[in-house]
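Given next are the chains, with one letter for each unit.
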Amino acid sequence: MSNNNLIKGSLQTIILKLLEENEKMYGYEITQRVKELTAGEIKITEGALYPALHKLEAEGLLSTEIQQVDNRVRKYYRLTKDGQKEVTSKMSELQGFVENLQRILTPDLKPGFNI
Amino acid sequence: MRKLTEQELLWIHSRQKSLHIRYTEVYEEIFDHYCTTLENSTEIDSPSIIAKLNDTFSWSVVKGMDKELEKNVSKQIWVAQLDFLKFWNRGFKGLLASIIGFALLAIAIFIIPASELILVFLVIILITTAGVFFMKRDALSFRLSHKTVSISSATIIKRVGILNTIFMWIYVIPSVLTRGEIHSNTLFVWATAIVTIFSVMYSISLLAIASDLPAQRTAI
């Protein structure tokens, strides 16, 4: 299933949500967790993931921690206080969007809804 | 999870070297991604997994990562510079140091003539530049072969370079071309003095950030 374009707009929210549930994560771990949660239906491309992580870090929503793992370095990301606040607002924004999309795609479910 | 063979590590390194990755942080993050992916697979599958990863981290993707990191760290350093200049937020010691600095600046402005004051500030800028270059020398390379550099070091060195170039164009070159006659022009002297004061603050903030950062890391 090719859903890269659909995922693009929600990537930051996905990252923030995963980091809210897991104290700290690194790039590979995030891709695997998404794959696992969606039974392989959603695959985050690394080319989009790392720039998104760096952007969130620059915005002060994530902080990083470097750890030495088997003669190489691993960069862990975790939520900052601002990041924790942002998760709630991003989540309600995304949930609102999904609900509205649902109304458009299946108007029968919400008969009272008018565009 | 298995341990990678020497051959696999060699494949990863040679692939990454061929991509001419600019920043150490991008290099290390991709390297960790390759290693972790391979560690979670069997050795028999590694050629196909490496080929897949090579497609994922293609030339354009890696260049995009370099560029994006550059943009983000540039923003972080700018914020850190502004924070440094907000002396009222730096506790008692910072506040005291800033008051002393401003007092010395005010005394210098009143005692030293504007044209000579610019030279004094120019010396300060050159000293801070030398300090930044010394602290962030890991970003400097005189070798012809490609070398990855720390993003924060490269950004700070670039900013110092731009600052010095601007200074050359607005102060040194007009002075040389007019054989110093421009120094008698009041407008030039005051305009340069104002620019110089901002430049001094800018270069000192860069020096402060450079001294705060570990030599090889991005974390700000």
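Look above for the structure.
Notes on the structure in this doc start here. (Residues numbered from 1 in each chain as written. Chains lettered and ligands numbered in written order. Predicted model: local features only at pLDDT ≥ 70, side-chain atom pairs only at ≥ 80, totals over all residues. Heavy atoms only, no water.)

Moving on, we get to the nonpolar core. Core analysis: the largest hydrophobic core is formed by 53 residues, its most contacted members being Ile 15, Leu 53 and Leu 62 of chain A together with Ile 30 and Phe 57 of chain B. Sort the elements by how many residues they give to this core and helix α2 (residues 24-39) of chain B lands first, with seven residues. Looking at this core, you find at least three residues from each of domain 1 (6-57) and domain 2 (70-212) of chain B. Every residue in contact with Leu 62 of chain A, bar those within four places of it in the chain, is listed here: Ile 15, Leu 16, Leu 19, Leu 53, Leu 56, Glu 57, Tyr 77, Arg 78, Leu 79 and Thr 80 of chain A. Within the second largest apolar cluster, 13 residues are counted, among which are Ala 108, Leu 117, Phe 121 and Leu 122 of chain B. (Core = buried A, V, L, I, M, F, W, Y, C linked by side-chain atoms within 4.5 Å. Buried < 20%, exposed > 50% of the residue type's maximum accessible area, 1.4 Å probe, protein only. Helix = DSSP H or I, 4+ residues; strand = E, 2+ residues; numbered from the N terminus. Domains from an automatic or database assignment. Contact = heavy atoms within 4.5 Å.)

It is worth spelling out the packing of helix α1 (residues 6-18) of chain B against helix α3 (residues 46-56) of chain B at this point. Residues and elements named next belong to chain B. Orientation of α1 relative to α3, taken along the N-to-C sense of each, is 15 degrees, at an axis distance of 11 Å. Here α3 runs roughly parallel to α1, going by the angle between their axes. Read as a crossing pair, α1 and α3 show a hand that is right-handed. Counting all contacts with α1, which are made through Glu 8, Trp 11 and Arg 15, the residues of α3 involved are Ser 46, Pro 47, Ile 50 and Asn 54. Among the residues forming the contact of α1 with α3, the class breakdown is three nonpolar, two polar and two charged. (Axes fitted to C-alpha atoms, helices over the stretch in contact; angles between N-to-C directions. Parallel < 35°, antiparallel > 145°, perpendicular 65-115°, else oblique. Left-handed = near helix turned anticlockwise from the far one by under 90°. Nonpolar A, V, L, I, M, F, W, Y, C, P; charged D, E, K, R; others polar.)

Take the interface of chain A and chain B next. Where interface size is quoted, it is often the accessible area lost as the parts come together. Residue-level contacts link 21 residues of chain A with 22 residues of chain B. Together, the buried faces of chain A and chain B total about 2000 Å²; carbon and sulfur atoms form 58% of this surface. Among the ionic pairs, Arg 72 of chain A bridges to Asp 32 of chain B, the shortest N-O distance being 2.7 Å. Only α3 (27-37), α4 (46-58), β1 (62-69) and β2 (72-79) of chain A provide two or more residues apiece to the side of chain A that touches chain B. Here the side of chain A that touches chain B takes eight residues from α4 of chain A, the largest share from any one element. By residue class, the composition of the side of chain A that touches chain B is eight nonpolar, five polar and eight charged. (Buried area = accessible area lost by both parts, 1.4 Å probe. Salt bridge = Lys/Arg side-chain N within 4 Å of Asp/Glu carboxyl O.)

Residues and elements named next belong to chain B. Inspection of the secondary structure puts Arg 159 in helix α7 (residues 151-177). At 9.6 Å, Glu 70 is the nearest oppositely charged side chain to Arg 159, a buried residue that forms no salt bridge. Ignoring anything within four residues of it in the chain, the contact list for Arg 159 reads Ser 74, Ile 77, Trp 78, Gln 81, Tyr 202 and Leu 206. (Lys, Arg positive; Asp, Glu negative; His and termini not counted.)

This brings us to unusual backbone geometry. Even without being a glycine, Asp 70 of chain A presents a positive backbone phi close to 45 degrees. By secondary structure assignment, the location of Asp 70 of chain A is in the loop between β1 and β2. Backbone geometry places His 20 of chain B, a non-glycine residue, at a positive phi of 50 degrees. In this structure, His 20 of chain B sits in the loop between α1 and α2. Since its relative accessible area comes to 41%, His 20 of chain B is described here as partly exposed.

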